[in-house]
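Chain by chain, the residues run as shown.
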Amino acid sequence: VEAVAATASNSTPPILGTVAFVMADIVGVPYLEIVTMALIPAALWYLGTMAFIVAHAMRNRERIRRPRIAEAASEPTGGWWLYTRSALIAVIPVSLILVLVLQGFTLRMSTVAALVTMVIVALAMGAAACGGDAIDPRAVGAEPGRTVETLYDWPSSGEGLPEFTDVTEEWGLGEFENNSDFLAAGGVAIGDLDGDGWPDLAVAGRDLFLFYGSSEGMTPAAAPIAVAEGQVAAVGIADLDGDAANDLLVSVIGGDDLIIWGGAWSASRDPSLAPRTTLPGGTQTVALIAADLSGDERPDLLRLSHDPAEPDIIWEQTAARRFVAKPLPQSFRRSFAAEITDLDQDGLLDIWVTRDVGWITGADSIYTRRGERDDPWIDVASDLGAALAIDGMGIALADLDGDGDIDAYVTDIGENDILLADGDGYTPAIESGAGRIRPPGGRRGTVSSSWAVGTADINLDGISDLVVANGGFGGADIVNKISGTEFVDLDTPAMFLGLGEGRFADVWPQLGHQWKARIRGMALGDLDLDGDTDLVFVGSAGGMRVYRNEAMGPSVTLVATDAACAAGFIATVTGPTTYYRSVLVQHPFLSASQPSLTVGTLGFTVEIGVIRPGLSPFSREVPAGVGRVTVEIPCR
């Protein structure tokens, strides 16, 4: 379409490329006569083009969507005046050429006059931009690299702020060190590995470290699990073979990936006794995510590769503990994270993949199927306005603006993206308050680089919040897309509490925690089973931190019976003051959160609704005044 439309520019008044001026100057035909004769053919050209586009769209049932907001990744934006100033620099000289030619002046004289005018106008506009009366982009909430960025503060009363206690040392986790030399390693997963009902931790740090939970905190395994070759970068926990024992999904850099099957060894806490399955073919696996992608009630695995020479793969489980590799199309890119759910509500799971250096090796993807489970996977991200060509790191899927649609928060180097679902696709949100993260105490011009992200109701007020893991690169040579800024190396997390209507305020600096690291992985879950969401962070080439949430108040916790079969479930909790909607099973960057969701009820009656792709919806009412309640969400 663009090529056809651009072709007609050489025959469209008033410019006609250079044709009109050349004819007027050499042939001697009056310029106005040339323009008049060209008007009807040009109009017919564009009418024919539009007719073809409409017919093609109707025949292929393509949807007409609103245009996306162009990203401004390299220059500051100061509002309407900047656009007006840029337009005037071009419009005034071109208009002068037309006026002078119509008045009978030669083309040479008209061109020289226009060039002189352009220089004068450009200098005048530049002086206005740099002078004392100029509009400062920061005065209207803008920062380099983003069109508009509005920051919001939590109410000055401090009411509703969460309280966290750093229990890393108390729970016996202070000795952990991530010794991986891979820049992006450091995943963590939460799940019950030994069948005692308490959440356990699996942490990637070159080797795989296990910590078993109890009422007293965490107990480390006797020894870490080493892989035969390479180093562990990411980890997940799910029951792949349906034996009611969780399995470990181990992503390896420089070696084969690994499944450590749960079972008899779980009670003894000795994984050396466990049977294992290797998944060959990868050199930079950064995620193994369990979900029933084939629809046969046997969980499959989505493998993401950060090596652009390798495709992303669906390891389809064709029989118990037997897998067949099926590459995803257009996936020879640097994948980093993914979430799985039914985005288009057709009963089939979809896959949203974020990509590193997307402007070089390929943008983010949304894979779907048209109608049937056996249909081929196709990438529709570009059609939906979600093909971000950025440094896509992590992703969270939730209703962030309260309109009932599932939106996306995608982390990036320097700035993050919120994509709001609008029924026909996704539109970037630029006034959420959660796009650019300012490091606590950092000077202007410093920005955070974000990795894992998760959504939760942190302060039990019934509104969606966001938690983001941040960290720099330790001197590595990384391209900075945002001019005039520099990355913070050792950084803190960010905690965006929801203000409602799609607005968020970062309150982490107000919580009083000073730990800084090159944070990569993160998992959310109720580690002490007290009815709120605790936080686990893992740093690259460093330690970890566990923050126990001390939130008070009534809540409801939705617990999936299994992380694999519940992947893709969308849970909604609604009440007089509560509205929360997100995927039930979250997979932050390199990590896997506990397959549960805790939402504050404020003591009122709330309705629970869970969309289970391929199954009938689940619903339950929780009456008022019952304190903290747990509701099990069945998978079948």
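Residues numbered from 1 in each chain as written. Predicted model: local features only at pLDDT ≥ 70, side-chain atom pairs only at ≥ 80, totals over all residues. Heavy atoms only, no water.

### Looking at the overall build of the chain
So, step 1. Along the chain, the regular secondary structure elements total 7 helices and 37 strands.
So, step 2. Looking at the chain as a whole, 53% of its 636 residues are labelled buried.
So, step 3. Nonlocal contacts in the chain, meaning residues at least 24 apart in sequence, comprise 59% of its contacts between residues at least 6 apart.
So, step 4. Total accessible area computed for the chain in this model is approximately 26,300 Å², and 57% of it derives from carbon and sulfur atoms. (Helix = DSSP H or I, 4+ residues; strand = E, 2+ residues; numbered from the N terminus. Buried < 20%, exposed > 50% of the residue type's maximum accessible area, 1.4 Å probe, protein only. Contact = heavy atoms within 4.5 Å. Areas by Shrake-Rupley, 256 points an atom, 1.4 Å probe, with all protein chains shown as cover.)

### A word on the confidence of the model for the chain
So, step 1. Scored by pLDDT, the chain comes out at a mean of 85, with 87% of its residues at no less than 70.
So, step 2. Ignoring residues within four places in sequence, the model shows residues 61–83, a span with pLDDT below 50, making 47 contacts including any to other chains.
So, step 3. Here residues 128–148 is modelled with pLDDT under 50, and outside its nearest four sequence neighbours on either side it reaches 48 contacts, counting other chains as well. (pLDDT = per-residue confidence, 0-100.)

### Some points on empty space enclosed by the protein
So, step 1. Applying the stated rule across the entire model yields 3 cavities of 30 Å³ or more.
So, step 2. The computed volume of the largest cavity comes to approximately 150 Å³.
So, step 3. As for the largest cavity, its lining consists of 24 residues, and the residues nearest its centre are L288, I289, H587, S591 and A592.
So, step 4. Where the lining of the largest cavity is concerned, the elements lending two or more residues are β6 (231–238), β7 (247–253), β10 (285–291) and β14 (335–341).
So, step 5. In the lining of the largest cavity, the residues fall into 19 nonpolar, 5 polar and no charged.
So, step 6. Empty space within the second largest cavity amounts to approximately 110 Å³.
So, step 7. Secondary structure elements with two or more residues in the lining of the second largest cavity: β23 (450–456), β28 (519–525) and β34 (596–600).
So, step 8. Among the elements that take part in the lining of the second largest cavity, β34 stands out by supplying 3 residues, more than any other. (1 Å grid on protein atoms, 1.4 Å probe; cavity = no way out; pocket = protein on both sides within 12 Å on 5 of 7 lines; lining within 4 Å. Points joined across faces, edges and corners; volume = space filled by probe spheres on them. Nonpolar A, V, L, I, M, F, W, Y, C, P; charged D, E, K, R; others polar.)

### A few points about the sheet that holds strand β9 (residues 276–279)
So, step 1. Ordered in space as β6-β7-β8-β9, the 4 strands form an open sheet in which the pairing is antiparallel. Edge positions in the sheet fall to β6 and β9, since each of these pairs with one other strand and no more. Strand-to-strand twist across the sheet, computed as the mean angle between neighbouring axes with direction ignored, equals 20°.
So, step 2. Bridge count for β6 against β7 is 7 bridges, and the pairing is antiparallel. Its bridge partner being in β7, V232 is matched across the sheet by V252. (Pairing = 2+ DSSP bridges. Axes fitted to C-alpha atoms, helices over the stretch in contact; angles between N-to-C directions.)

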